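Here is what each chain is made of, one letter per residue.
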2 protein chains.
Amino acid sequence: MAAPHKTVPKPEPGEERLEFLADLVGYHLRRASIRDMQGMSAALESLSLRAVPLSVLLMIVENPGISAADICRAIGLKRANIVSILAELEQRGLFLREADPNDNRVQKLFPTRTGKELTAEALERLKDHEDHLLCALSGSERAELRRLLMKVWQGDEGD
Amino acid sequence: MAAPHKTVPKPEPGEERLEFLADLVGYHLRRASIRDMQGMSAALESLSLRAVPLSVLLMIVENPGISAADICRAIGLKRANIVSILAELEQRGLFLREADPNDNRVQKLFPTRTGKELTAEALERLKDHEDHLLCALSGSERAELRRLLMKVWQGDEGD
DNA sequence: TATTGTTATACTCTATAACTATA
DNA sequence: TATAGTTATAGAGTATAACAATA
């Protein structure tokens, strides 16, 4: 079933054949996601925040009193890997830990004012980044893209 | 502009608030891409191929005689990082190196029959994986998704 | 026994700097 | 000088195993 690959007549530089990959939606999904992540990194760089620490901080801001284990479950982090992330966010004064009166194993995490302000600033920059990322798309195209992407990643719910 | 975050009335486990992230197309782009990559890894696992080595091999199969540097430019790899990938593919007998008579610095890379057969098998599995990934989408929705994703990652061409 | 927070560790992927040989 | 292939190395990100305290 192997397609017969005849010798290629020397493509111009930068014009290599990519037939199969270009056919796959997954290929374009990956390239778009890479561009998104690079833009996110650039947008957050001057705030000394990367994507995962920001999502941790955002979880604390949107869910005051949440525990580290719950954050890990919500965003798919291993418990071991959130420790250093929390240590740095705490050292920067972005949240506080408080003992849970109902369960002495858990620490309840609360954002500080500084943490909430930094989060708000970061989210503004993410919005600007997204506007730039999607500048070639109309408003209805953006909505359609989001709708289709949700169907893609939620497709494993019925598995 | 910081949205006032009132204390949350204790969400059920697994129901943490994710308002802002869920609004971003980039969030759904990332989750869809993660599901795609996990499915790809699973689909290729029994062939002992991962995504990047496969794309390198595919470049050789589709562009016989291509150089390592040209592969790197085409798929965004650093030259240093293709060395071990090529070493393993070569050890498995999937391609051969040949001196370039026009430039003694470059090695021209040619797929072996085994390399072409393994690539064909891998591409079949990728196709099956993609069908599963997109099973919630109609044919026209898949075409529309690909079109929109191309506009997203190609949006940096005019920068 | 199960869970929380934690340490230690390892593996993958990616990034940079420097070398050599050729052009 | 610029490029091809290479080596060494460092940094993220992510993975598992094990521990003490608590439920």
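Structure's up top.
A brief report on the enclosed structure follows. If you're wondering where the values come from, they're calculated on a predicted model, not measured in any experiment. (Residues numbered from 1 in each chain as written. Chains lettered and ligands numbered in written order. Predicted model: local features only at pLDDT ≥ 70, side-chain atom pairs only at ≥ 80, totals over all residues. Heavy atoms only, no water.)

## Points about the environment of Leu 44 of chain B
Residues and elements named next belong to chain B.
(1) Moving on: Examined against the element boundaries, Leu 44 turns out to sit in helix H2 (residues 25–44).
(2) Moving on: A residue is classified by how much of its surface remains accessible, and Leu 44, at 1% relative accessible area, is buried.
(3) Moving on: C-alpha of Leu 44 to C-alpha of Arg 125: the two residues are 81 residues apart in sequence and 7.2 Å apart in space.
(4) Moving on: Not counting residues within four places of it along the chain, the set of residues in contact with Leu 44 comprises Leu 49, Arg 50, Ala 51, Leu 54, Ala 122 and Leu 126. (Helix = DSSP H or I, 4+ residues; strand = E, 2+ residues; numbered from the N terminus. Buried < 20%, exposed > 50% of the residue type's maximum accessible area, 1.4 Å probe, protein only. Contact = heavy atoms within 4.5 Å.)

## Notes on the protein's contact with DNA strand D
(1) Moving on: For DNA strand D, the set of nearby residues contains 18 residues, the closest of which are Arg 50, Asn 81 and Asn 104 of chain A together with Ala 69 and Arg 105 of chain B.
(2) Moving on: Near the protein, meaning within 4 Å, the atoms of DNA strand D are sugar or phosphate in a fraction of 60%, with bases accounting for the rest.
(3) Moving on: Arg 50 of chain A places a side-chain nitrogen or oxygen 2.8 Å from a phosphate oxygen of DNA strand D.
(4) Moving on: With respect to DNA strand D, the side chain of Asn 81 of chain A contributes an N or O atom lying 2.7 Å from a base nitrogen.
(5) Moving on: Of all the elements in the fold, those that place two or more residues in the surface near DNA strand D are helix H5 (79–91) of chain A together with helix H4 (68–75) and helix H5 (79–91) of chain B.
(6) Moving on: A per-class count over the surface near DNA strand D returns 6 nonpolar, 4 polar and 8 charged. (Near = heavy atom within 4 Å. Polar contact = N/O pair within 3.5 Å; in protein donor to acceptor, adjacent residues only side chain to side chain. Nonpolar A, V, L, I, M, F, W, Y, C, P; charged D, E, K, R; others polar.)

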